[in-house]
Structure formats: C-alpha cells, structure tokens
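Below, each chain spelled out in residue letters.
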Amino acid sequence: MSQFRSLAGVLRGTGLWMLGRNGPGRVFNPHRGCSSGVAQPSPSVLSSSYVEEMYYAWLEDPKNVHESWDAYFSNAQASNPAGGGEDRRPSTLLQGRAMSQTPAMSQKVVEDHLAVHNLIRAYQIRGHHVAQLDPLGILTADVDSFVPSDLITTIDKLGFYGFDESDLDKTFQLPSTTFIGGHETTLPLREIIHRLETTYCGHIGVEFMFINNVEQCQWIRQKFETPGIMKFTDREKRTLLARLVRSTRFEDFLARKWSSEKRFGLEGCEVLIPALKMIIDKSSAAGVESVIMGMPHRGRLNVLANVVRKDLDQIFCQFDPKLEAADEGSGDVKYHLGMYHERINRETDKNITLSLMANPSHLEAVDPVVQGKTKAEQFYRGDTEGKKVMSILMHGDAAFAGQGVVYETFHLSELPSYTTLGTIHVVVNNQIGFTTDPRMARSSPYPTDVARVVNAPIFHVNADDPEAVMYVCRVAAEWRSTFNKDVVIDLVCYRRFGHNEMDEPMFTQPLMYKQIRKQEHVLKNYADKLISEGVVTLQEFEEEVAKYDKICEEAYTSSKDEKILHIRHWLDSPWPNFFTAEGEPKCMNYPPTGLPEEFLKHIGEAASSIPLQDFSIHSGVSRILRGRADMVSKRTVDWALGEYMAFGSLLKEGTHVRLSGQDVERGTFSHRHHVLHDQEVDKRFCVPMNHLWPNQAPYTVCNSSLSEYGVLGFELGFAMASPNALVCWEAQFGDFHNTAQCIIDQFISSGQAKWVRNNGIVLLLPHGMEGMGPEHSSARPERFLQMSKDDPDRYPEFTGDFEVQQLYDCNWIVVNCSTPANYFHVLRRQILLPFRKPLIIFTPKSLLRLPEARSSFDEMTTGTKFRRIIPDEGSASQNPSKVKRVIFCTGKVYYELAKERKQLKLEDAVAIVRMEQISPFPFDLIKAEVELYANAELVWCQEEHKNMGYYDYVRPRFLTVLSNKKPVWYVGRDPAAAPATGNKFTHLAELKRFMDTAFDLNAFEGRSF
C-alpha cells in the first residue's frame, strides 16, 4: 500500500490519540488546542472503525473530537447541499467515502485526503524546480536540473500518492494551508493539480516554505495561489509598455550612436527598468519618501536615465572623448557614477528622493555601503519602522552567489543597530558570469540561495514575461511594507551581448548565444500581445516609440554643447549648506579644540558614575569607575577617559557620535565600558554617555557581527549621510582590517578623487609590537601611507594656514597619537574642520594603562589643539647645540625610548621628537626641528620591521626637508615577511637590539650617505 498506510502502522501504537467510553456517550480527549493551526487527521489514528467512532462522537458534540476532525467533518457536512442546519446526518461525501462498507475503504478515504494535502505541500515547497523560468528555454534556473519525484510532471507520478488516473475526477477537501480553491473548499484532484501547476510551475517560481513564520507563509500563499489574483488593468498594461519602450529604445540609441563604446547595456533584461519603477511606485504609495539604490555596472546608465531621471544630455556627453574634467581628482568611468535626485512620483503624485550610489567594479562591495547610508537616513529622520526610507540592491547572479560580502550584508539585516527594516534585492540573472557557466560558478541550485539564511522569500521570475515580473515586484514591495524584512527577486534573463559590447561570447557559450540571436525582443512580444488584446493599437505603440526616440535625439544634440565634465553633477550624497554653492569649504581654518575645564570635569564625573538608580555593576567595573573619579580629581585622563571627553563634548555640541565594531561596547582590552550591564537583571543595561547633557545629540555604541568588510562598508555609508556626525569603526585588532581592504582601497582612500565625495569616517586600529605574535601586532601602517597622495619630493608651499591647507589637499589623515590629550584633540578636530577627510588612527594597547601615558587637563583646556608633532620638552631642548642625536619616532615606541634614555642618562645628548600626524607629513614642523638641532645626526626609530611601518614613507620626505644634504638613519627591526615574531624571547631580543643601536652614538660612524 502507499507510504501513508506504512506510516499509519508505525504511528498507531504511539498513544497520541485516545478514545474512551464514559457512560452512554463517547468522549475523545486528544490534547485539544495544542496546535497553532488546523492540523489534518493523522494516519496514526486509523483503525477498523476509527472514522465511524470519530464521526458519531462529533455528531454528539463537536467538542468531543480534536479540532482537526471537527474541521474535517464540518467541511464534509457543508459540502452536502441537502444538509440542514441542525440535522447532523452524514454528508454525501462522508457517506460515499468515510462511512463506506469496509474499514479498509474508510482508511483509504483519510489516506487519500492526507495524500492531497502532501501533494499541495510538495508544490509549495518544490514547485519552483520545474517552473518555466528560462526565457531561452534551454536551461533550468537551478543548476542541478532537479525534478522532484513528488510533483505530478507525468501521469505515472500519481502512484507516488497512491492515486491513479481514475482518481483525477474525485473531489477532495482542501486544507487551510492553501488558497487555490478561492471560495471553494473542495476541488477535483485534476483541478487541484492544474491550479498548483499554474501557481508554482509557470513563469514564477516561489521559494518560501523554509520560512519558519506561519503568518508570513500564509501571506505569500494567498498572494500567489488565489485564483485570478494576477490581474492588471488596461492602464497598468499601457504604463508597463511605455516603460519597456524607454528601457529598450535607450539601449538601442546608445548602440547606434556609440557602437564601439563599452556601456554595459541592459539588453536581455530590459524589464529591469519597469520592475524598479513598480517597486518604487508601490513603496511610494505605502509612504516611502527616500529610496537608496546600489547596483553593478550592467544597466546603470539606463537606471540613471529612466528610473532616477538623470538628464539625458549629461549622460550622452559622457561618451565625448574630448570632454574636460572641471573637478580635481581622477573621476571615474560613466558606468560607475551615482546620482541624487528629488522628483515627483507620477503614479502617486508624491515627492520621492532617489539616490543611486557610485561604486567601483568590485561587485557587491557597495551592498553594505547602501545599507549604512539607508540606516543613517532612517536614524536622522526618526524613521524607526522603515516607513520613510528604504534600500534597493541590484545584483548579478554570479556575484550574488560568489561574493562573501553578500552573506555579511544579509547578516546585518536584522541586527538592532544595523537593520534597515527590509531591503528589496533584485538579481539580474544572466545565467552566466563573465564567461563562466553557472555549473562552474556555484554549488547551490540557485544564485539566490544565500538569502535563505535570513528567511527572505525568493521570487524567481521569467524576465520575458513582463506582467509576471510586475506582479512579483508588487508583492515584494508589499512584503517589505508589511513585514519589514528582506525579499529577493530573481529576474531570470539573458545577456544579449558579451560581458561588454566589445566581447565575443560565442567563444565559450556557443549554444546559448545561437539561441539568443534567435530570441525576439521582449518589447516586441509584449507589444504584439497588447495589440492582440486590443489594449493598444499599432499606431499608438509606434507613436510611443517615436516620441522617446525624439527625446533622445534632442538630448544628443544638446549634449554636444557640453565642453566640461562636472563630476559634482553626479554626486550621490550631497550635504546641503555644509559647503558653498560651488562645493567649496566655507573657510580654511578651524577653532581650537580645547574645552573649558568645567566641561572636562562634568564629563569625567559622568564617566565615573552610574546615572540609573538600583543598578548593580560588576565589581571590576566599579573599580574602573573609581579609578576614573580619582583621575578627574587629579586633573588627569587616560586613553579611555580622553576618548570619553571627546565624544561627550561633541554630543553637547549637537554632533551625533556612532562607534561600531567588534566588542567596542566594552573594548577589546576592557578599557572602555561605554555600556554597563546590571549584574542582577538580565538584559538591563545603561549607556551613561546618553545621560551627559540636556538636549544632547544621541550616542550610538554597538558591537557588530564578526565581520570587517561588511561592517566597515556599512559605517562608511552611515558617514556619507551627514557631515555632522563622528562615525568611528574600531577593529578588534588593527591586523584584521585587511579583510576589509576592498572598502579601504576602493572607497575610503580614493572615494573623493573618483566621485567628489567627502567622508569623515574614523578608523580606530589597535597597533603595537608587544610580543603578541604576527596577527596581533600590526595595523599595517605602511599600506595606508603608501596610498597617501602627498608628493615626497616637493616641499609644499601654502599661503594661509599650512596645517589646514595640507589636510584639505590630502586624501586621508594618518595619525599615531602617543597621548590621550592628542587623541582627544584629533577626534574633535575631525568635526571642527570645514571639510571632511577619512581619519586613520593607530590606537595603543599597552598605553591604555601605562601611567606615563596620561595627560593633564592643561593639555585639553580652552585654547589647546592637536599637536602634529610633540617636540622634546626635556633638557635636550634647553641646549640644542649640544644634542648629538635626534630620534624621530611615532606611537608607543616613544615610551620605551624615553625609559632607555633615562636609564643611560642621555637626556642632554639625545632628543626624542614624536611625530603624531604622519600623513600629511608635517614638513613645516619637521623643518623647524631639524634647524633647531642643526649639529645633531638624525635617526628614524620604529618598532616595526624595516620594510613595514613608517620608514619608507618618512625617509624621502625627511630628505626633501634636508635638501638631500644629510642622512636620516634607520633604527628598528630588520626586514621580515611576517609583521612580528610569535616567540616572546625573540621579541625582547629584537627590542633590546634596536634600543642599543638607538642610543649608541657611534653606531653610524663611517657609514656613507
């Protein structure tokens, strides 16, 4: 017999269902109410007279039986039109099946109904595997071509459920977990299968049954299973056709005018444009006012023209090779540029702001950046429910499956400090990478399988069926609005040309491209369909085409008048009122960064207390707070307190401060403790910095997921939204930033040069050689310095403030502070500057608790500011002519040098100068120090290996200051492949060796320069 009869035999003895006789009546007590939904009668309950027992018990009182049997018999009764209201006689359906002559037939009736329920569930779970998704008809969208054995793809598959062809016209009760019946509760098996195939195996494949929320699953079933739900009005069809005309004719126009130019056109997926517009229309109708988008290069120009509505002449002039750049910087290729535009949405007549983010060719790198900017806009608008601001991310199929940052970004989607409350992902599924077949590009059936990790529904759709695409986009927008969760649309399409228009795809995909060359354009197919339906006439269609062609021709003519390229016109994140109308700083200086002492004292007292009553903290934290109070009473600060005062003062001035990264709430080295946890009450915590001042700006401190690439990209995006925020990302150890190297290289270092986009993000990178091994020692300062754009061979000449001019000209600022006061000042300077630059700070580890590494209030009070270098302030500076050696250094090594100098009693003979700002190089201050110690030899000392650290950066710049007339000797560790040794003895031996050299005043005698 069928698998269900076997199951019945296995489960019959479990005792889950019990029937008892009590007096004259029968009483059934099967643990009523234990299920959240209406379960179906289990095969485990079957016996020779079981159905009859259940039926008579139900006739006596429906409460005598489990709710599933109640539903079953009620539906059967309702299906008998002769049944009276109070007359509980067996229905025709029940008399004909459940109450038949033999027990075996009674059992078969229940088994058959259960089989139908399993059949419906099979289509809901696996129907997408046989959906008609490929427009070319040559591939299945899932790479393994899997045909589930429990789908009725051939008539013999009925046997899987114990049916044969004679059962097709039998009527069956529909479960509550399907909507295929519409208003009907029973359907013939033939019609059940037909409706399931129509819903799940047509041009839409729905993946959702992995979602563990019943309400969400039911919502999706209702949206796709309800008969006739996928209807469009004639007006909607005409709008869709007009949008397809614009999408298709735009690409045709570019192909005609610039046939030999790369443009990464949208041919083969022209439906993307009406798809995006449908999502935006429905989201606007639901109240969304701002949409932030990220996408790869394919189709970007079309999206800019027809979704964001960038002026066509500004797009066309990008193809002119004679166009001169008006803005400083390198600029970028046209298919990387972004745009920001506010306009009226024609469908909803509401204002909508669209921002398409500029991004590099590094596919998917823009994903977390978009999410960060979206989160920031929601934050500044107070949009805690995601009703005003949303994000749309577009992806390619190969990159969506292949790039790990996609997974990292998904895992931020529901974290409290990172969620954007639902993103709509649109995958342009070309069914090919550059030249790589999907079977070689991924192990999963679909490119979208990564989305399953966050229970995001996935809607696969044949992109050559525009109405199916529009419906899926409508549902996706409604899903996001209803549940505030991510959703994925998989547009299964093709790429009409190669990876770019100059590429030959027939080399590697001959069969696919033979079919593509035969493939009719989706616009023609859809226009023919609407003409045959009488929705539009041929003349109306041709007029629509001619109208858009004329728009393109006029824009082309006017584009020839453009002689200068203004990258600022392509800015994706403008900051109104921060710069002048021309995009320049309003001034070229900044006020001192010191504070009145009463402010320092107030912040210090708050940092050493608990603002909540009856809040029990850990004894170790209590000791730290007492230590802070003691420092405040002595007018000193350590590193954590200096940071607290910088943050707290900016909050008072209305500047939002956000600190994110792994373990930042406590701090990797247990020094920060910005979030206090009640030791007695679970999940009760306190952020004292949010209790500093009345009407202060909010402070956000949040531990991130264990990700660098995704989280740093997110924080970079957050910093784009407003210049009036200090956004900091801290690495657990500086060594780990290199897993985010793509964000650093492509966005942070070069973002302003490529896209005229200021950004003030701060990277806090713990750094220092302390015997902790090669992965916990170096933040790789040499990499940041190598990418700094100042010229090592030219002494800069500035009029006005040398420091500010240098900062304005650089691409980022690199510092290694040796005092808490300087750390305090550089954080405040970051906000008080009249422009924004990324700030890279190599932060200490052992100095966090070193008594010598503390600062006095006097270094932080009104009138004080950041010191780019800290000169020697000891006896050597009193009599510079007698100094024999000047050691220049940066960071922690200063304290080791100072300790060694003191032990050797060389304070008069050796001066030590700390370079706090390394890039831009403080030429003016170094020149003054060199001239002060004119008779001394100069040494650069670093604890890093010679081929790492700062030496290769500072040496040529020192020589420029010295006009190449005097050497700068190197003292430090020898060149090495690894950043540090893992052996403690070797570490100490290396330290002693270069300390001996640093203070051996004859070490360089006889060496030539």
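Values in this document were obtained by computation on a predicted structure and should not be read as measured data.

Quick word on the overall build of the protein chain
1) Next: Each helix and strand counted, the protein chain has 33 helices and 30 strands in total.
2) Next: The 1009 residues of the protein chain split such that 58% are buried.
3) Next: By element, 50% of the accessible surface of the protein chain is carried by carbon and sulfur atoms, the whole surface being about 40,700 Å².

Let's talk about the sheet that holds strand 13 (residues 487-492)
1) Next: Here eight strands make up an open sheet; going across it, the order is 5-12-13-11-10-6-9-8 and the pairing mixed. The strands lining the two open edges of the sheet, one partner per strand, are strand 5 (204-207) and strand 8 (339-345). Here the average twist between neighbouring strands, direction ignored, is 20°.
2) Next: In the sheet, strand 8 pairs with strand 9 (residues 350-356) via seven bridges, with the strands oriented antiparallel. Its bridge partner lying in strand 9, methionine 339 is registered against leucine 356.
3) Next: Set on the sheet, helix 12 (residues 366-381) makes contact with strand 6 (290-294), strand 9, strand 10 (389-396) and strand 11 (423-429); between it and strand 10 the angle comes to about 175°.
4) Next: Packing of helix 16 (residues 466-483) onto the sheet brings it into contact with strand 5, strand 10, strand 11, strand 12 (458-462) and strand 13, and relative to strand 12 it is tilted by some 165°.

Quick look at helix 27 (residues 802-809)
1) Next: Within helix 27, burial applies to Phe802, Glu803, Val804, Gln806 and Leu807.
2) Next: Buried-residue contacts for helix 27 involve strand 22 (813-815), helix 28 (820-832), strand 28 (917-919) and helix 31 (923-932).

Description of the pairing of strand 10
1) Next: With eight of eight residues buried, strand 10 is to be regarded as a mostly interior element.
2) Next: Here strand 10 shows no split at all, with Val389, Ser391, Leu393 and His395 on one side and Met390, Ile392, Met394 and Gly396 on the other all buried.
3) Next: Note: strand 6 against strand 10, five bridges, orientation parallel. In the sheet register, methionine 293 faces strand 10, and the bridge partner there is isoleucine 392.

Here's the deal with the packing of aromatic side chains
1) Next: This structure, assessed with the given rule, holds 42 aromatic pairs.
2) Next: Seen in terms of ring centroids, phenylalanine 250 and phenylalanine 316 are 6.3 Å apart; in terms of plane orientation they differ by 20°. Their pairing is stacked. Here the residue phenylalanine 250 occupies a position in helix 8 (residues 234-257), and phenylalanine 316 occupies one in helix 11 (residues 312-316), the gap between them amounting to 66 residues.
3) Next: Considering the side-chain rings of tryptophan 258 and phenylalanine 319, the 4.4 Å spacing of their centres and the 15° angle between planes classify their relative orientation as stacked. You can see tryptophan 258 sitting in the loop between helix 8 and helix 9 (272-285) and its partner phenylalanine 319 sitting in the loop between helix 11 and strand 7 (324-325), a full 61 residues away along the chain.

A few points about the environment of aspartate 614
1) Next: By the secondary structure assignment, aspartate 614 is in the loop between helix 20 (597-607) and helix 21 (619-633).
2) Next: When sequence neighbours within four positions are dropped, the list of residues in contact with aspartate 614 reads Asp678 and Arg684.

Let's talk about the environment of alanine 468
1) Next: As for its placement among the helices and strands, alanine 468 is situated in helix 16.
2) Next: The buried category is assigned to alanine 468, whose relative accessible area is 2%.
3) Next: Along the primary structure alanine 468 and histidine 203 are separated by 265 residues, whereas in three dimensions their C-alpha atoms are 6.8 Å apart.
4) Next: Apart from the residues within four sequence positions on either side, alanine 468 is in contact with His203, Ile204, Met230 and Val461.

Re the sheet that holds strand 16 (residues 656-661)
1) Next: Taken in spatial order, the seven strands line up as 19-16-20-21-23-22-28 in an open sheet, and their pairing is mixed. Each edge of the open sheet carries a strand with a single partner, namely strand 19 (699-703) and strand 28. Here the average twist between neighbouring strands, direction ignored, is 20°.

Re the side chain of aspartate 790
1) Next: Relative to the helices and strands, aspartate 790 is located in the loop between helix 26 (781-786) and helix 27.
2) Next: A polar contact is formed between the side chain of aspartate 790 and the backbone nitrogen of phenylalanine 921, at a distance of 3.5 Å.

Things to note about unusual backbone geometry
1) Next: The peptide bond linking serine 919 to proline 920 adopts the cis configuration, its omega dihedral lying at -5°.
2) Next: In this structure, proline 920 sits in the loop between strand 28 and helix 31.
3) Next: A positive phi is found at asparagine 484, a non-glycine position, where the angle reads about 55°.
4) Next: Classification of asparagine 484 as partly exposed rests on a relative accessible area of 21%.
5) Next: The phi torsion at valine 756 lies on the positive side, around 50°, for a residue other than glycine.

Examining the pairing of strand 30 (residues 968-973)
1) Next: Within strand 30, six of the six residues are buried, leaving the element largely enclosed by the surrounding structure.
2) Next: The sheet contact formed by strand 29 (residues 937-945) and strand 30 spans five bridges and is parallel. Considered in strand 30, the bridge of valine 939 is made with tryptophan 969.
3) Next: A crossover connection joins strand 29 to the parallel strand 30 through helix 32 (residues 951-961); in handedness this β-α-β unit is right-handed.

Points about the pattern of salt bridges
Oppositely charged side chains may form a pair once their charged atoms are brought near each other.
1) Next: If you walk through the whole model with that rule in mind, you get 41 salt bridges.
2) Next: A salt bridge links glutamate 236 to arginine 474; the nearest nitrogen and oxygen atoms lie 3.6 Å apart. One end of the pair, glutamate 236, is in helix 8; the other, arginine 474, is in helix 16, and 238 residues separate them in sequence.
3) Next: The residue lysine 892 makes a salt bridge to glutamate 943 at a minimum N-O spacing of 2.9 Å. With a gap of 51 residues between them, lysine 892 in the loop between strand 26 (885-889) and helix 30 (893-904) and glutamate 943 in strand 29 connect regions that are remote in the sequence. With respect to class, lysine 892 is no different from glutamate 943; both count as buried.
4) Next: The structure contains a network of salt bridges with shared partners spanning Lys237, Glu467, Lys529 and Glu533.

Digging into the confidence of the model for the protein chain
1) Next: With 89% of its residues at a pLDDT of at least 70, the protein chain reaches an overall mean of 87.
2) Next: Counted against residues more than four places away or in other chains, residues 1-48, with its pLDDT under 50, gives 83 contacts.
3) Next: Contacts for the low-pLDDT stretch residues 82-101, under 50 throughout, to residues beyond four places or in other chains number 43 contacts.

Quick notes on the packing of helix 9 against helix 16
1) Next: The contact between helix 9 and helix 16 brings their axes to 9 Å, and the two run at 35°. Once helix 9 is placed against helix 16, the crossing between them reads as right-handed. Residues Pro274, Ala275, Met278, Ile279, Lys282 and Ser283 of helix 9 form the contact with helix 16, whose own contacting residues are Val469, Met470, Cys473, Arg474 and Ala477.
2) Next: When grouped by side-chain class, the residues that make up the contact of helix 9 with helix 16 number eight nonpolar, one polar and two charged.

Topic: the side chain of glutamine 741
1) Next: Take glutamine 741: it is sitting in helix 24 (residues 741-749).
2) Next: For glutamine 741, a relative accessible area of 16% puts it in the buried group.
3) Next: With sequence-adjacent residues up to four places away left out, glutamine 741 is seen in contact with Arg783 and Met787.

Looking at the environment of serine 788
1) Next: Within the element layout of this structure, serine 788 appears in the loop between helix 26 and helix 27.
2) Next: Take serine 788: its relative accessible area is 7%, and that puts it in the buried class.
3) Next: With sequence-adjacent residues up to four places away left out, serine 788 is seen in contact with Asn811, Trp812, Val814, Ser919 and Tyr953.
4) Next: Side chain to side chain, serine 788 and tryptophan 812 meet in a polar contact 3.1 Å long.

What to know about the packing of helix 8 against helix 16
1) Next: Where helix 8 contacts helix 16, the axes come no closer than 11 Å and their chain directions differ by 105°. Between helix 8 and helix 16, the angle is such that the two are roughly perpendicular. Listed contacts from helix 16 to Glu236, Lys237, Leu240 and Leu244 of helix 8 are Pro466, Glu467, Met470 and Arg474.
2) Next: In the contact of helix 8 with helix 16, the residues fall into four nonpolar, no polar and four charged.

Rules and cut-offs
Residues numbered from 1 in each chain as written. Predicted model: local features only at pLDDT ≥ 70, side-chain atom pairs only at ≥ 80, totals over all residues. Heavy atoms only, no water. Helix = DSSP H or I, 4+ residues; strand = E, 2+ residues; numbered from the N terminus. Buried < 20%, exposed > 50% of the residue type's maximum accessible area, 1.4 Å probe, protein only. Areas by Shrake-Rupley, 256 points an atom, 1.4 Å probe, with all protein chains shown as cover. Pairing = 2+ DSSP bridges. Axes fitted to C-alpha atoms, helices over the stretch in contact; angles between N-to-C directions. Contact = heavy atoms within 4.5 Å. Phe/Tyr/Trp six-rings, centres within 6.5 Å; stacked < 30°, edge-to-face > 60°. Polar contact = N/O pair within 3.5 Å; in protein donor to acceptor, adjacent residues only side chain to side chain. Right-handed = clockwise from strand over helix to strand, strands pointing away. Salt bridge = Lys/Arg side-chain N within 4 Å of Asp/Glu carboxyl O. pLDDT = per-residue confidence, 0-100. Left-handed = near helix turned anticlockwise from the far one by under 90°. Nonpolar A, V, L, I, M, F, W, Y, C, P; charged D, E, K, R; others polar. Parallel < 35°, antiparallel > 145°, perpendicular 65-115°, else oblique.

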